[in-house]
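# Observations on the three-dimensional arrangement
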Number of protein chains: 2
Amino acid sequence: MLSSKIISVGDEILIGQIVNTNAQFISEKLYSIGIPVKKINTIGDNEDALLTELDDSVRNYDVTVITGGLGPTHDDITKPILIKYFEDELVNDEKVLRHVKSIFVNRNIKMPDVNYGQAMVPKKSKVIWNGMGTAPGIWIEKNNKIIIALPGVPFEMKAMIKDSVLPMLIDKFTDKLDYVIKSRTVLTTGIGESSLSELIGDVKLLIGEDKMAFLPTLYGVRLRIDVKRSSLEEVEERLNVIENSLRKKIEKYIFGTDDDLLEQKTGELLLFNKLTLSVAESCTGGLLSSKITDISGSSEYFKGGICTYSNESKIALLSVERKTIDNYGAVSEETALEMAENVRKKFGSDIGLSTTGIAGPSGGNMAKPVGLVWIGYSDGKKTYAKKFLFGNNRERTKIRSAYQALAILKKEISNLLNN
Amino acid sequence: MLSSKIISVGDEILIGQIVNTNAQFISEKLYSIGIPVKKINTIGDNEDALLTELDDSVRNYDVTVITGGLGPTHDDITKPILIKYFEDELVNDEKVLRHVKSIFVNRNIKMPDVNYGQAMVPKKSKVIWNGMGTAPGIWIEKNNKIIIALPGVPFEMKAMIKDSVLPMLIDKFTDKLDYVIKSRTVLTTGIGESSLSELIGDVKLLIGEDKMAFLPTLYGVRLRIDVKRSSLEEVEERLNVIENSLRKKIEKYIFGTDDDLLEQKTGELLLFNKLTLSVAESCTGGLLSSKITDISGSSEYFKGGICTYSNESKIALLSVERKTIDNYGAVSEETALEMAENVRKKFGSDIGLSTTGIAGPSGGNMAKPVGLVWIGYSDGKKTYAKKFLFGNNRERTKIRSAYQALAILKKEISNLLNN
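Here the structure is a predicted model, which is why all the values come from computation and not from measurement.

## As for the relation of the copies chain B and chain A
Once turned by 180° and shifted 1.0 Å along the axis, chain B lies on chain A with an RMSD of 1.1 Å. What the superposition gives is, in effect, a two-fold axis relating one chain to the other.

Below, the structure written as structure tokens:
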């Protein structure tokens, strides 16, 4: 099996100024095409350290990706050390030079002389095109081992990995690559991990030799499926089969896949069904409204919200009956019901949602502990409230309450459609 | 000079499932006490790889910190490999065993047999106490080189580094430590980088040989001061001197230091001055309210908010005059003024804040581009609105608008106090 190594170069990583997120990205991508990373070594801007690492790379790994140290200043050691190690020389690359110059022209500033050096590349290397920045990537081979040097700027590096490095590696090793791995994450909400697990039943029957992980999050449970096959086509086909089997069992809890957001998907449901929404918030303190309005175009279906952070304002602004609060308290089913119903009427929306709870850390008691939250729903025909216990972390309780309100919204819109 | 190395152990890092944030935290801490990290090597759950790394560590580095591989299962190789490398044996630690048992008692679950192994530690080692989890840390010395093994769970590892490892290292190397580095970040808001720079004047005069960086953020400019001296006392004294000099020049823009939050500091100002607040939001969509209520105890000073996401709701719920919107538009100084004034009256609070703008990406035009935001302030005596241009990123515009509203609030409360 092929193997790879990452060398991250940069003093700023060693002094803890930045987190090495580049290594994570590259690891994931190399793993996905069947060239798993076996070692990630981070070194400073230090010539001897890089020479030692290069020597280890050429001896032991099919592919090495170096990030960092490719800039135009004297601190940037990667290119000089590659020249030294491979006994090569720098030559000017006309195409790269034109590109570097054009970047300065577009920024309307004079190119500093030091940037001419960025168009110089090792003679024995192939250039990896960097459309987003001035430092070209470098691909050098020795004894069938490949050394790839990329800039450390994350968005430049990522584009170069996806657009050039992965295709070039697949092309190079086409006969040697044993497998392709791909993940798909099926996103669920409104159901706990154990109930979901019961509905899904025997995981082995569903996925066979493939892998599925239950990943609880603040909005619901993510189901990550990992499939390994000998070609991308087979992988995609298998992922589709598993997703469809899952949908047969738990369709009503699924709101999307991979990077989908619950606030975006509920927004699409509202828009598609020409429904409007308003929210009355207490314990979520504006977060529910903020999540909804994170989505561009939300003004099409979101009328607005009222956040009442005191009993008096619940009475004055949401017309909650004083006797409801006196008899049952502000954190109660009855108050949640009135909040949802009344906010809907005040904004003239089709649906009203409400949250009222004890976010903590203080304010709880035996009967109503910190983390107790009531979430209300009202659409004119149906009004109800549901009780949750979210524990004693204020921030998490706010987030989980907001997402549970959206989960209820998703469920109810789906029900409206099926009736 | 002393030097150190980090070994991160775990397949989940090599396949790119998690980002190695532990290494960044440890690097920063070791650098701060004068034992800079020279290499960070990440390996899988692989015995030979760890043996090779240990050998390199004992030969070349004064201190090595290993994270990961300390759990109770057979994948967790760190303890067995330490035993093998140091030709040691495992012995039971009674105090650790009691602690591990107590954790399971508190969670009200039976302790699995496999967890008994967590109380077994190498005979030649010192235990590093893990108050937050079941895996103790290990400290072993050989030829005056120190190997420290810690669990990979970030919050456990971080507490152990701060509470035990750093004090133990300082104690151990007290004669050899050349320097101490410490940073302090002075947080400003309501002023741009260049204006701040003008007010501060010649940075060299202010900080001499020390370092200061201007770090723009969404809420304002952070000024990070780095001071290096031979003792912690000297560092602290110098940091205080620089902070005081800064305060003489830019006091009114400073809201705190280091981890202080603008929403927390403005909350303290409100509470201390017995003032109450309410907010009327359009373009921030609930985010301003949510930021304010992130602070525990905010119900003492925050009455609530109204988020109006349409012209009709601005008229119906915030009593904005229809002719104001017809004549000037929803995104205008006039609308912002009425929103701030009216929300204050509706909630009966001392101060009202408002936001109205075009978050984008659509909805802009030549006269009112995407990113145009008006922020209103009203306290009964003074009512005004300020105009901002925040560019075309929806999420950033929401955040910057919310923070600018808080910056205005901070400034006005400070003014109230000075009058």
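Once the structure has been displayed, the description carries forward.
## With respect to the sheet that holds strand β6 (residues 126-128) of chain A
The strand order β6(A)-β7(A)-β8(A)-β3(A)-β1(A)-β2(A)-β2(B)-β1(B)-β3(B)-β8(B)-β7(B)-β6(B) describes an open sheet built from 12 strands, whose pairing is mixed. Either end of the sheet is taken by a strand with one partner, and the two such strands are β6 of chain A together with β6 (126-128) of chain B. Strand-to-strand, the axes of this sheet are offset by a mean angle of 20°, without reference to chain direction. Its contacts with the sheet put helix α4 (residues 78-85) of chain B on β1 (4-9), β3 (63-67), β7 (137-142) and β8 (145-150) of chain B, and the angle it makes with β7 of chain B is roughly 20°.

## What about the interface of chain B and chain A?
Listed per partner, the contact involves 52 residues of chain B and 53 residues of chain A. In total, about 3800 Å² of surface goes out of reach between chain B and chain A, with carbon and sulfur atoms giving 54% of it. At the boundary of chain B with chain A, the tally comes to two salt bridges. Of the residues assigned to the side of chain B that touches chain A, the class counts are 18 nonpolar, 24 polar and 10 charged. The sheet contact formed by strand β14 (residues 302-308) of chain A and strand β14 (residues 302-308) of chain B spans five bridges and is antiparallel. Each bridged residue has a counterpart across the sheet, and for Gly304 of chain A the counterpart in β14 of chain B is Thr308 of chain B.

## Examining the side chain of Ser57 of chain B
All names here are of chain B. Topologically, Ser57 is positioned in helix α3 (residues 47-60). Residue Ser57 is classed as buried on the basis of its relative accessible area, which comes to 1%. One polar contact links Ser57 to Lys5, side chain to side chain, over a distance of 3.2 Å. Once residues lying within four places of it in the same chain are set aside, the contact partners of Ser57 are Lys5, Ile7, Thr64 and Ile147.

## What about the domain arrangement of chain A?
Segmentation of chain A into domains returns domain 1 (4-172), domain 2 (180-257) and domain 3 (262-418). Each of domain 1 of chain A and domain 2 of chain A has a C-alpha centre, and the two are 36 Å apart.

Definitions and cut-offs
Residues numbered from 1 in each chain as written. Chains lettered and ligands numbered in written order. Predicted model: local features only at pLDDT ≥ 70, side-chain atom pairs only at ≥ 80, totals over all residues. Heavy atoms only, no water. Least-squares fit on C-alpha atoms with pLDDT ≥ 70 in both. Pairing = 2+ DSSP bridges. Helix = DSSP H or I, 4+ residues; strand = E, 2+ residues; numbered from the N terminus. Axes fitted to C-alpha atoms, helices over the stretch in contact; angles between N-to-C directions. Contact = heavy atoms within 4.5 Å. Buried area = accessible area lost by both parts, 1.4 Å probe. Salt bridge = Lys/Arg side-chain N within 4 Å of Asp/Glu carboxyl O. Nonpolar A, V, L, I, M, F, W, Y, C, P; charged D, E, K, R; others polar. Buried < 20%, exposed > 50% of the residue type's maximum accessible area, 1.4 Å probe, protein only. Polar contact = N/O pair within 3.5 Å; in protein donor to acceptor, adjacent residues only side chain to side chain. Domains from an automatic or database assignment.

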